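# Chain and residue survey
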Amino acid sequence: MSEVLVLAQRDGDEIRRATAETVALARAFGPPALVVAGPWNDGVARSAAAAGPEKVYALSGLPDDSVSALAVAESLADLAARSVAVLLPSTREGKEVAAHLAARLESGVVTDAVRLEPDAEGRPVATQSVFAGTFTVRSRVTRGVPVVTVKPGAAEPGPATEPVVVPLAATPSPVATAVRVLDRSVRPKGDRPQLTEAEIVVSGGRGTAGDFSAVEALADALGAAVGASRAAVDSGWYPHAYQVGQTGVTVSPQVYLACGISGAIQHLAGMQTAKTIVAVNKDPEAPIMAVADFAVVGDLHAVLPKATEEIVARRR
Amino acid sequence: MRTVVLAKYVPDATADRRFDPADHTTVRDDIESRLSELDEYAVEQAVRLSEQSGGEVLVVLMGPGGAADAALRALQMGATAAVHVRDAALRGTDAAGTALVLAAAVGRAGGADLVLTGMASTDAGTGLVPAMVAHRLGLPFVGYVDELDVAGGTATGARETEAFRERFEVALPAVVAVTDHINEPRYPSFKAIMAAKKKPVEVIALTDLGIAPDEVGFAGARTAVESALRRPARSSGEVVKDDGDGGARMVAYLVDNRLI
Ligand SMILES: Cc1cc2nc3c(=O)[nH]c(=O)nc-3n(C[C@H](O)[C@H](O)[C@H](O)COP(=O)(O)OP(=O)(O)OC[C@H]3O[C@@H](n4cnc5c(N)ncnc54)[C@H](O)[C@@H]3O)c2cc1C
Ligand SMILES: Nc1ncnc2c1ncn2[C@@H]1O[C@H](COP(=O)(O)O)[C@@H](O)[C@H]1O
């Protein structure tokens, strides 16, 4: 039976939880083969096995001094053409690889799947959340090998395996190495949970006035991830990687706490599918109030520290 | 230098965006629509580069009749001319077909030193089209760019993904997709609005591009939408005013609902 290719998302030597979820999802369509791009060592090998694939392709030889999405796509094109489907992370890089790969395979692509299920014939049907989370769409690839980018939370990871490791050497074309990287700064791994994988997200907006300490303290008391609105990011108060919304990340946690965030449509686009929304805002008329399951009208600099105290007190 | 900007006409994010119940395409008639906000950044960057080092900015749009408004907006922002690909057979076109049409339109216009695009359309939002256009044109592609300069036939800039930030350099011609962090798009002046009225907009059809109707639209699509259902609108829940106990009540709500 031909395999399902899954492109791993790595964080240094660690394969992300979202990848293990996608590997589990892939099993509905065929034996999952995980593609791990970049340096290979014992740590990566352990982490790849923990993700539960039947096989691992260790892709090496990607040019470090070049933007790599196209080189990854080129290296996978032959394998992908013989696969039942290719699943990639719904990250910026994952989507670039998906676009380059589909162009070469003459395949269709579905992006941002929150679920992926086999139809009666066993072919993948994706569920997407569109128009700022106001519509649920089911779609499929109708031509070529289905290429699908999958969001975190689409499945529960399965057990670890002992996969065969097959080395794969990148053979980038001149076009793939044309974009030269002059320098690269890798984002340091923070102590808090990953924004896209966290059960609880506490986000701050312009209402923080630049002081995220109350937001961070509440997040830490809850074991939550920290997010930010674009207004907060644009003001330089929080890094772009934490921006929630249309041009940031979309999150779908159990609880989303929006603190000093008005709830513009572009922000809602990134969090409207959260199970529960809690808002803290001075303005009872703010649009976020219309979607919040629970809202406190008040100053976040007063409300959040009290909430943090209360959580700590209840834990005692 | 000659820059082509790919720009899309999309339903406004604050309008009642919805799907046609019969064929699941995005409703584009009778709905407030505009030049995609994320493509304004590409138009702005192209105009700034032309202001610095000269050259023309051609805007290429594929869309229904109303897309003429989006073309006009781009011209008001400082683009030199526009090409609008309009054809009934385009209804139902997906990312692959869009890239086929846009790449052909760039070719017909005589190519470009730089093709600028938005990072994603605000309706479909796949972000796939730019890399697919680059593939069709056989050009290098750089995505998620938030700093961009051009000098002596080379583009330099910076891009950011979830994992890293990097500075890059690429010899032109190339395709570059920019993010909403690259600039602040201008609001056209009265003078610019008047000047735009005299700028050329060419409307072309698929035959002008040598593309057969079945290569695009539903026939050429490589993806299909099977269903599109409106989610029940979220409603507002309990609202409490903070009288010193707001934080505690919020925690009580989370605990009572077993959320923490
Ligand atoms: C193309 C495009 C893409 C975009 N993408 C995104 C995106 O990805 N993510 C995103 O977030 N935005 C995005 N935006 C921007 C979006 O439109 C809003 O401008 C932004 O979300 C506003 O951020 P904010 O809610 O923090 O600020 P504001 O809208 O200014 O709201 C601040 C809120 O804080 C409240 N407040 C003030 N002080 C306090 C206090 N002390 N205590 C409690 N409450 C207080 C105010 O009442 C207000 O409701 C995008 C816009 C465009 C055009
Ligand atoms: N119909 C279109 N006409 C012109 N440009 C488009 C069109 N569709 C997509 N694009 C360009 O491709 C980018 C990404 O769009 P998408 O892949 O649909 O998210 C947009 O920001 C535009 O620059």
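The structure displayed is predicted, hence computed values, not measured ones.

### Focus on the interface of chain A and chain B
Taken together, the contact between chain A and chain B spans 86 residues of the former and 75 residues of the latter. Summed over both sides, the interface between chain A and chain B buries roughly 7000 Å², with carbon and sulfur atoms accounting for 58% of that surface. Of all residues in chain A, Arg92, Phe131 and Phe294 of chain A give up the largest surface area on contact with chain B, accounting jointly for 12% of the area buried on that side. Inspection of the chain A/chain B interface yields 6 salt bridges. Ionic pairing is found between Asp180 of chain B and Arg230 of chain A, a salt bridge with its closest N-O pair at 2.9 Å. Between chain A and chain B we count 42 residue pairs in polar contact (both at pLDDT 80 or more) in total. Top element by residues in the side of chain A that touches chain B is helix α4 (residues 92-105) of chain A. It accounts for 9 residues. Class assignment of the residues belonging to the side of chain A that touches chain B gives a composition of 44 nonpolar, 21 polar and 21 charged. Strand direction decides the pairing type here: strand β18 (residues 294-297) of chain A and strand β13 (residues 238-241) of chain B, joined by 4 bridges, are parallel. In the sheet register, Val296 of chain A faces β13 of chain B, and the bridge partner there is Val240 of chain B.

### A word on the domain arrangement of chain A
All names here are of chain A. Considered domain by domain, chain A is made up of domain 1 (4-169) and domain 2 (195-315). Centre-to-centre separation of domain 1 and domain 2, based on C-alpha positions: 30 Å. Counting residues at the interface gives 10 residues for domain 1 and 10 residues for domain 2. Three residues, Arg92, Ala132 and Pro152, lead the burial of domain 1 against domain 2; their summed loss comes to 53% of the area buried on that side.

### Digging into the site of ligand 2
All names here are of chain B. Neighbouring ligand 2 are 19 residues, the closest being Leu6, Asp39, Met62, Ser121 and Gly127. A distance of 2.4 Å separates an oxygen atom of ligand 2 from a polar side-chain atom of Asp39. Separating an oxygen atom of ligand 2 from a backbone N or O atom of Gly127 is a distance of 2.6 Å. Of all the secondary structure elements, the ones that give two or more residues to the shell around ligand 2 are β4 (56-62), α3 (95-108), β6 (114-118) and α4 (129-137). With 3 residues, the single largest contributor to the shell around ligand 2 is β4.

Cut-off values and rules
- Residues numbered from 1 in each chain as written.
- Chains lettered and ligands numbered in written order.
- Predicted model: local features only at pLDDT ≥ 70, side-chain atom pairs only at ≥ 80, totals over all residues.
- Heavy atoms only, no water.
- Contact = heavy atoms within 4.5 Å.
- Buried area = accessible area lost by both parts, 1.4 Å probe.
- Salt bridge = Lys/Arg side-chain N within 4 Å of Asp/Glu carboxyl O.
- Polar contact = N/O pair within 3.5 Å; in protein donor to acceptor, adjacent residues only side chain to side chain.
- Helix = DSSP H or I, 4+ residues; strand = E, 2+ residues; numbered from the N terminus.
- Nonpolar A, V, L, I, M, F, W, Y, C, P; charged D, E, K, R; others polar.
- Pairing = 2+ DSSP bridges.
- Domains from an automatic or database assignment.
- Near = heavy atom within 4 Å.

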